[in-house]
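# Breakdown of the fold
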Amino acid sequence: MAEVFVPPHPLINHWISVLRNEQTPTSLYKNAMGELGRLLIYEASRDCLPTTTGYVKSPMGVASAEFIDPMQPVAVVPILRAGLGLAEQASSVLPAMKTYHLGIGRDEETLQPTVYLNKLPTKFPEGSRVFVVDPMLATGGTVVAALELIKKRGVENTQIKVISVVAAPPAIRKLSEKFPGVHVYAGIVDPVVNEKGFIVPGLGDAGDRCFGT
């Protein structure tokens, strides 16, 4: 089944509270989304980034060194629109990453996903670590559609980490059923998805709030 991690960090709790607040203005909301994304990606990347070792010379002598290996493929896939805000500061944590945009809309009546933009590669490089960035995991339709497209391009479940602000049980169940071994890093898990497909208490429409539309 999919494993869900909720990192116990006070800064994560702080930025979630800012995002929940209906009075948070767009500029602060977007900044909070970026900060939260940076923290969650940091936590998610803790055990999976490829490294290389060597030596460096400091002003006082020679020391062993460990660096992130820039030759090993790391991909970030933000799901538009709101994923752009959550992934905005990803490069500060993953300096050698490549970004592949994926636009998936959701029908307001049926709640079914529709892909309207696909900038994924024909095939991901072998051994790629893929971070899928989707702020709201509600019904699970959008993230499942995204992972199906990614898997068709040569990526295994264990190579994928999903980054989300808020996750809900329906999405977690779908991920567990369809993609066992995928890891989900969420700021918080909320208990309810309403009849319109929104998480309660959630954040509202993360895309609209992030871009002021």
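Above this text sits the structure in question.
Attention here is on the structure that accompanies the text. Remember, predicted model here, so these are calculated numbers, not experimental data.

Check the secondary structure of the chain and you find six helices and 13 strands. Relative to the globule expectation of 17 Å for 213 residues, the C-alpha radius of gyration of the chain, 18 Å, shows essentially globular dimensions. When each of the 213 residues of the chain is scored for burial, the buried share is 49%. Counting only contacts in the chain whose residues sit at least 6 apart along the sequence, the fraction spanning at least 24 positions is 65%. Summed over its atoms, the accessible surface of the chain is roughly 10700 Å², and 54% of this surface lies on carbon and sulfur atoms. Distance from the positive charge centre (20 side chains) to the negative charge centre (20 side chains) of the chain: 4 Å.

Right, let's get into the pairing of strand E7 (residues 113–118). Where strand E6 (residues 102–106) and E7 come together, five bridges link them in antiparallel fashion. Bridge pairing in E7 places Arg106 opposite Pro113. Between E6 and E7, which follow one another and run antiparallel, lie six residues, and Leu111 among them has a positive phi close to 65 degrees.

Quick look at the environment of Leu117 now. Examined against the element boundaries, Leu117 turns out to sit in strand E7. Note on Leu117: relative accessible area 28%, which makes it partly exposed. Spatially, the C-alpha atoms of Leu117 and Ala138 are 21 Å apart, while their sequence positions differ by 21 residues. The contacts of Leu117, once residues within four sequence positions are left out, are Leu80, His101, Leu102 and Gly103.

To continue, consider the environment of Leu80. Within the secondary structure layout, Leu80 lies in strand E4 (residues 74–80). According to the relative accessible area criterion, Leu80 is buried, its value standing at 17%. Residues Leu80 and Gly105 lie 25 residues apart in sequence; the distance between their C-alpha atoms is 8.1 Å.

Mapped onto the elements, Pro70 comes out in the loop between strand E3 (61–68) and E4. When its relative accessible area of 54% is taken as the criterion, Pro70 is described as exposed.

On inspection of all chains with the given rule, the structure shows two aromatic pairs. Pairing Phe5 with Tyr185 gives two aromatic rings, centres 4.9 Å apart and planes at 15 degrees, and the pair type is stacked. Here Phe5 is found in strand E1 (residues 3–5), whereas its partner Tyr185 is found in strand E11 (residues 183–189), with 180 residues between them in sequence. Judged by its relative accessible area of 29%, Phe5 is partly exposed. Pairing Tyr100 with Phe124 gives two aromatic rings, centres 5.5 Å apart and planes at 80 degrees, and the pair type is edge-to-face. Taken together, the residues span a long stretch of sequence, with Tyr100 in the loop between strand E5 (98–99) and E6 and Phe124 in the loop between E7 and strand E8 (129–133) at a distance of 24 residues. Judged on exposure class, the residue Tyr100 and its partner Phe124 are both buried.

Where helix H4 (residues 141–151) contacts helix H5 (residues 169–178), the two axes come as close as 9 Å, and the packing angle between them is 25 degrees. Relative to H5, H4 is oriented roughly parallel. Helix-helix and strand crossings are classified by hand; for H4 and H5 the assignment is right-handed. On the side of H4, the interface is formed by Gly141, Val143, Val144 and Leu147, while H5 contributes Lys174, Leu175 and Lys178. For the contact of H4 with H5, a count of residues per class yields four nonpolar, one polar and two charged.

Conventions adopted
Residues numbered from 1 in each chain as written. Predicted model: local features only at pLDDT ≥ 70, side-chain atom pairs only at ≥ 80, totals over all residues. Heavy atoms only, no water. Helix = DSSP H or I, 4+ residues; strand = E, 2+ residues; numbered from the N terminus. Rg over C-alpha atoms; globule rule 2.2 N^0.38 Å. Buried < 20%, exposed > 50% of the residue type's maximum accessible area, 1.4 Å probe, protein only. Contact = heavy atoms within 4.5 Å. Areas by Shrake-Rupley, 256 points an atom, 1.4 Å probe, with all protein chains shown as cover. Lys, Arg positive; Asp, Glu negative; His and termini not counted. Charge placed at Lys NZ, Arg CZ, Asp CG, Glu CD. Pairing = 2+ DSSP bridges. Phe/Tyr/Trp six-rings, centres within 6.5 Å; stacked < 30°, edge-to-face > 60°. Axes fitted to C-alpha atoms, helices over the stretch in contact; angles between N-to-C directions. Parallel < 35°, antiparallel > 145°, perpendicular 65-115°, else oblique. Left-handed = near helix turned anticlockwise from the far one by under 90°. Nonpolar A, V, L, I, M, F, W, Y, C, P; charged D, E, K, R; others polar.

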